[in-house]
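Read off the chains here:
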Amino acid sequence: MTLPSSAPTAIRALTPPPSDAEADAWRAVLAAVQAADLPQLPTPSRVEVSGRIQVAPARGRAALWAAEAGAAGDGVAGEGAAATLGVAGLLLFSDEKNRHTAFLDVLAVRPEARRQGLGTALWQQVREALLADGRSSVSAVVDLGGPGQAFAESLGFTEALRMAWYVQDVAAPQPEQAPQTPGYTLLCWPGLVPDAWAGAAAIAHGSMEDAPSGDTDEQTQAWTAERLHAAQQLILDRGGAITTVAAVTPQGEVAAYTELVLPDPDGPRAIQYDTAVVPGHRGRGLGRAVKLRMLAEATARHPALRTIATTVADANTPMLAVNEALGYRRERAAAIYQLKL
């Protein structure tokens, strides 16, 4: 698609939930951007993109915008059609601890439409929404070394936490079988954690509070069984799949866990969410054990799966060591960037 310099452009707020046509246009933008900037990643699927923007978030409310160009005869997208050239999505947190901040989930412009002010125009809409809602800061995850970093820094964003993406090839030979975990039982829960274990699993989630967070402004919420189920249900409602593997004690404690999410259950790439070991149970190989069991479960349940990706903060040396032992390789550098308004 070629964008004529004279093509009229407008920023339009999408009324939630976006229509299927709007979701498809959103996906086309993300696919074009990813093909140019991160060609090693699979194209985002319709299930993944539609679920993310058509199903309301659990932690607040979403605001979505599209930069559109096109009028009858302009040659951009056909007679009388409008072409979506850029998109922006913002999550405005609703919990009291984070009513001051928000997360910029995406701000993307098609490669052929860059350097024409569309990204800045989208950002202005985002900024106005933040200020109108009383937010004093906003954060975003930025891939380092690419156009996103340069754009974020031009707006005044600064790095708050350095990290990187790591990937594991599920078809590659594994370094070892799941180790023995005397005193613990490994359980696997597809979908929601069972009610009988939800309270203990929520307590274990609280052990993530000591993970490196840098200078990020977002405050940790207390985990409850209800919050855990709401977060997991959102993944399912968006068309994805989630599996939890936990190491549990005879006393009913969740000592360690890991979560794997497939935004599209039939897609080739999964995201490793949290992996945590409760402080009193560390140093016993439980992190490695739950990850190895998860790898076996994922391979059996999702035959199209090819890679598992995760982010790890550069300062999180224990998890980096676990991942290296399991065959993860560094894919690309990233960081949480933050802007004080």
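Values in this document were obtained by computation on a predicted structure and should not be read as measured data.

All right, on to the overall build of the protein then. Within the protein one finds eight helices and 12 strands. Buried residues in the protein amount to 47% of all 341 residues. Long-range contacts, defined here as pairs at least 24 residues apart, represent 74% of the contacts in the protein between residues at least 6 apart. Of the roughly 15600 Å² that the protein leaves accessible, carbon and sulfur atoms contribute 52%. Side chains of the protein give 28 positive and 36 negative charges; the mean places of these two sets differ by 2 Å.

The next thing to look at is the pairing of strand β11 (residues 307–313). Of all seven residues that make up β11, six are buried, and the element is covered over most of its length. Where strand β6 (residues 158–169) meets β11, seven bridges bridge the pair, whose relative direction is antiparallel. Residue pairing across strands places Asp169 opposite Thr307, the latter belonging to β11. Here strand β10 (residues 269–277) pairs with β11 via three bridges, running parallel. Among the inter-strand pairings, Ile271 is bridged to a residue of β11, identified as Ala309. For the handedness criterion, the β-α-β arrangement of β10, helix α7 (residues 286–301) and β11 is classed as right-handed.

Following the sequence through the fold, Lys291 ends up in helix α7. Between the C-alpha atoms of Lys291 and Thr258, which are 33 residues apart in sequence, the distance is 6.5 Å. Dropping the residues within four chain positions of it, Lys291 is found in contact with Thr258, Gln272, Thr275, Met319, Val322, Asn323, Leu326 and Tyr328.

It is worth spelling out the pairing of strand β3 (residues 83–93) at this point. With 11 of 11 residues buried, β3 lies mostly within the body of the structure. Where strand β2 (residues 60–69) and β3 come together, 10 bridges link them in antiparallel fashion. Each bridged residue has a counterpart across the sheet, and for Ala67 the counterpart in β3 is Gly86. As judged from the seven bridges shared by β3 and strand β4 (residues 102–109), these two strands associate in the antiparallel manner. Along β4, the bridge assignment pairs Leu92 with Ala102.

Note that the residue after Pro16, namely Pro17, is joined by a cis bond; omega there is -10 degrees. Even without being glycine, Arg115 reaches a positive phi, approximately 65 degrees. Structurally, the position occupied by Arg115 is in the loop between β4 and α3 (118–132).

For the structure shown, the criterion picks out 18 salt bridges. One salt bridge in this structure joins Arg59 and Asp95, with 3.6 Å as the shortest N-O distance. Of the two residues, Arg59 is situated in the loop between α2 (46–54) and β2 and Asp95 in the loop between β3 and β4; the sequence distance between them amounts to 36 residues. For Asp95, a relative accessible area of 11% puts it in the buried group. Its salt-bridge partner being Asp133, residue Arg99 comes within 3.3 Å of it at the nearest N-O pair. Taken as a pair, Arg99 in the loop between β3 and β4 and Asp133 in the loop between α3 and β5 (137–143) lie far apart in primary sequence, 34 residues in all. Look at Asp133 and you get buried, because its relative accessible area is 19%.

Before going further, it helps to examine the packing of aromatic side chains. Counted by the stated rule, this structure contains two aromatic pairs. Between the aromatic rings of Trp123 and Phe157, the centroid separation amounts to 5.6 Å while the plane-to-plane angle is 65 degrees, which identifies the pairing as edge-to-face. Pair noted here: Trp123 is in helix α3 and Phe157 is in the loop between α4 (147–155) and β6, with a separation of 34 residues, a long-range link. Comparing Trp123 with Phe157, the two get one shared label, buried. Ring geometry for Trp189 versus Trp197: centroids 5.9 Å apart, planes at 35 degrees, classification tilted. Judged by relative accessible area, Trp189 falls into the buried class, the value being 7%.

If you check which residues of helix α8 (residues 317–325) are buried, you get Met319, Leu320 and Asn323. Summarising the axial view, the buried residues of α8 lie within an arc of 105 degrees, below the 170-degree limit, and thus occupy one face. Opposite the buried face of α8, by more than 90 degrees, sit the exposed residues Thr317, Pro318 and Glu324. As for α8, its buried residues are in contact with β6, β10, α7 and β11.

Here is what the cut-offs are and how they apply
Residues numbered from 1 in each chain as written. Predicted model: local features only at pLDDT ≥ 70, side-chain atom pairs only at ≥ 80, totals over all residues. Heavy atoms only, no water. Helix = DSSP H or I, 4+ residues; strand = E, 2+ residues; numbered from the N terminus. Buried < 20%, exposed > 50% of the residue type's maximum accessible area, 1.4 Å probe, protein only. Contact = heavy atoms within 4.5 Å. Areas by Shrake-Rupley, 256 points an atom, 1.4 Å probe, with all protein chains shown as cover. Lys, Arg positive; Asp, Glu negative; His and termini not counted. Charge placed at Lys NZ, Arg CZ, Asp CG, Glu CD. Pairing = 2+ DSSP bridges. Right-handed = clockwise from strand over helix to strand, strands pointing away. Salt bridge = Lys/Arg side-chain N within 4 Å of Asp/Glu carboxyl O. Phe/Tyr/Trp six-rings, centres within 6.5 Å; stacked < 30°, edge-to-face > 60°. Arc of directions from axis to C-beta.

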